[in-house]
Amino acid sequence: MRQGRIRIKLKAYDHRLIDDSCQKILQTALMTGAKVVGPVPLPTRTKKIVVTRSPHTDKDSREHFQLKIHNRLLDVYQATEKTIDSLMHLELPAGVDIEVKT
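Residues numbered from 1 in each chain as written. Predicted model: local features only at pLDDT ≥ 70, side-chain atom pairs only at ≥ 80, totals over all residues. Heavy atoms only, no water.

Enumeration according to the criterion identifies four salt bridges in this entry. One salt bridge connects Arg 7 with Asp 75, and the closest N-O pair in it is separated by 2.9 Å. Of this pair, Arg 7 sits in strand β1 (residues 6–12) while Asp 75 sits in strand β3 (residues 62–77), and the two are 68 residues apart along the sequence. The salt bridge partner of Arg 72 is Asp 19, with a shortest N-O separation of 3.2 Å. Note that Arg 72 is positioned in strand β3 and Asp 19 in helix α1 (residues 15–31), a separation of 53 residues in sequence. For Arg 72, a relative accessible area of 12% corresponds to the buried category. A relative accessible area of 32% means that Asp 19 is categorised as partly exposed. (Salt bridge = Lys/Arg side-chain N within 4 Å of Asp/Glu carboxyl O. Helix = DSSP H or I, 4+ residues; strand = E, 2+ residues; numbered from the N terminus. Buried < 20%, exposed > 50% of the residue type's maximum accessible area, 1.4 Å probe, protein only.)

Structure (C-alpha cells):
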C-alpha cells in the first residue's frame, strides 16, 4: 500500500550532524523504493545573546554569544510500509530534532 507524502523536518545546532542525518534518511528511503525530494536547506536561524561581563560596573564591557539553528526539509513520496518501518527504526545521532508530518 502506497502512502501520500511524508514531510521530515530536521533541526540541529551542528550542520555536519544534520547533513549526515539527511544522507541516512535519503539512503534508507531510496533503498525501500520511495521517491525523495530534498534535502532542502531552510534559512539558518541565529540567536544573539549579549551579557555584561561584570555584574556591578563597566556596562560598556559586554560579551556577545550566538547560537545557530540549522534546518533541513525532506519530502518522501510513494512510501510503502517497509519505508515507514525502516525510517521509524533508523538510528540518528543525538542533537538532531526530527519532526514528521504526513
